[in-house]
Amino acid sequence: MTSPGPLRVVPVRRYGQWIATLVILVAAAMLITSVITNPRFQWGTVFSYLSNDNILDGLLTTLMLTVVAMVVGCVIGVIMAVGRQSRNPVVAAAAGAYIWFFRGTPLLVQLIFWFNLAALYPRITLGFFQAETNEFITPMFAAILGLGLNEGAYMSEIVRAGLLSVDPGQTDAAEALGMKRRQVFRRIVLPQAMRVIIPPTGNETISMLKTTSLVSVIAIPDILFAVQTIYSKNFLVIPLLITVSLWYLIVTTVLSIGQYFLERRFKRGDRAREHTILTTMLLGLLPRHAEGVSR
């Protein structure tokens, strides 16, 4: 009896993926060609305003607002996430009410409300501290309050999801070893929860970068406000909007790369195969084939 030869596994031919890839590439080529060759885009004007001083100053303001608002949001998010899990019903209810209110009202409304707080309280009195509301809550402070408090409500749910992802048995084991609750949280729970927290937090940071454009309604000179000021004088609306879009895309790309490496650091030790940035971007675009196996 002759032994059979090596078995050859034939990859599945995914014609649908090939066709979809071809359609996407053709459509992308047509779009790029149209955008490059259309003189109405005025690419010379677009690139000339990338280094405009007013736009660069507005970009710095946007980045500053993004960083400060995310720091405030993360701090509030951690406090509210811990409060939601508190055994004290009053603390848990207060944290829940905070999240309910700030997630349930539009951010634009919150920004305008803080900007006009003097209509309700002309003077702010906190113990021995007294000040005129308009002097204390400047437009920049109103923007930070609106962005930070709103972000805190969303970050609290992200942090809470990360904390709940850690097996309670690890907490019980750590407490059985004599560790205090703060030590358990800092050394056991938080490092593992960060794997779940970082990806949505990166998305929230990118979203915050673009959300800061709302502060232009309260006269904060962010990058969008700077562009609006310029095109209100020269009427180059479309080229300048493309300029600000390019800056948003550049900063978003940098943040995405930073998020990738941060996720990679916290995923050290995972058995899942890690992809490079390029393969991560191309994953899903090119058709996959089953690997040939011989025995």
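These numbers were taken from a predicted model, which means no experiment stands behind them.

Some remarks on the packing of aromatic side chains
Summed over all chains, the structure comprises 8 aromatic pairs. Between the aromatic rings of Tyr15 and Trp18, the centroid separation amounts to 5.2 Å while the plane-to-plane angle is 85 degrees, which identifies the pairing as edge-to-face. Of this pair, Tyr15 and Trp18 both sit in helix 1 (residues 15–37), 3 residues apart, roughly one helical turn. Ring geometry for Phe136 and Phe141: centres 5.5 Å apart, planes at 80 degrees, overall edge-to-face. Pairwise contacts between aromatic rings join Phe41, Trp43 and Phe47 into one cluster.

Comments concerning helix 9 (residues 181–211)
Relative to the 45 Å expected for 31 residues at 1.5 Å per residue, helix 9 spans just 37 Å between its end C-alpha atoms, considerably shorter than the ideal helical length. The principal kink in helix 9, of about 45 degrees, is found at Leu190, preceding the proline Pro191 by one to four residues. Every buried residue belonging to helix 9 is among Val184, Val189, Ala193, Ile197, Ile198, Thr201, Gly202, Glu204, Thr205, Ile206, Met208 and Leu209, and all of these are buried. Those residues of helix 9 hidden inside the fold are in contact with helix 3 (53–84), helix 7 (139–164), helix 8 (168–176) and helix 11 (237–266).

Structural notes on the confidence of the model for the protein chain
Counting all residues, the mean pLDDT for the protein chain is 86, and 89% of those residues have values of 70 or more. Across residues 284–295, confidence stays below pLDDT 50; counting only partners more than four residues off in sequence or on other chains, it has 19 contacts.

Some words on the pairing of strand 1 (residues 123–126)
In the sheet, strand 1 pairs with strand 2 (residues 129–132) via 4 bridges, with the strands oriented antiparallel. Looking at strand 2, one finds that Arg123 is bridged to Glu132.

Quick look at unusual backbone geometry
For Gln42, which is not glycine, the phi dihedral falls at a positive 55 degrees. Accessibility expressed as a relative area gives 31% for Gln42, which makes it partly exposed. Backbone geometry at Ala219 places phi at a positive 65 degrees, although glycine is not the residue there. Its location among the elements puts Ala219 in the loop between helix 9 and helix 10 (223–234).

Description of the packing of helix 3 against helix 7
Packing of helix 3 against helix 7 leaves a shortest axis separation of 6 Å and a crossing angle of 45 degrees. Here helix 7 runs oblique to helix 3, going by the angle between their axes. Crossing of helix 3 against helix 7: the hand is right-handed. In terms of residue class, the contact of helix 3 with helix 7 is made up of 18 nonpolar, 6 polar and 4 charged.

Definitions and limits used
- Residues numbered from 1 in each chain as written.
- Predicted model: local features only at pLDDT ≥ 70, side-chain atom pairs only at ≥ 80, totals over all residues.
- Heavy atoms only, no water.
- Phe/Tyr/Trp six-rings, centres within 6.5 Å; stacked < 30°, edge-to-face > 60°.
- Helix = DSSP H or I, 4+ residues; strand = E, 2+ residues; numbered from the N terminus.
- Expected span 1.5 Å × (residues − 1).
- Bend = angle between axes of the 7 residues up to and from the residue.
- Buried < 20%, exposed > 50% of the residue type's maximum accessible area, 1.4 Å probe, protein only.
- Contact = heavy atoms within 4.5 Å.
- pLDDT = per-residue confidence, 0-100.
- Pairing = 2+ DSSP bridges.
- Axes fitted to C-alpha atoms, helices over the stretch in contact; angles between N-to-C directions.
- Parallel < 35°, antiparallel > 145°, perpendicular 65-115°, else oblique.
- Left-handed = near helix turned anticlockwise from the far one by under 90°.
- Nonpolar A, V, L, I, M, F, W, Y, C, P; charged D, E, K, R; others polar.

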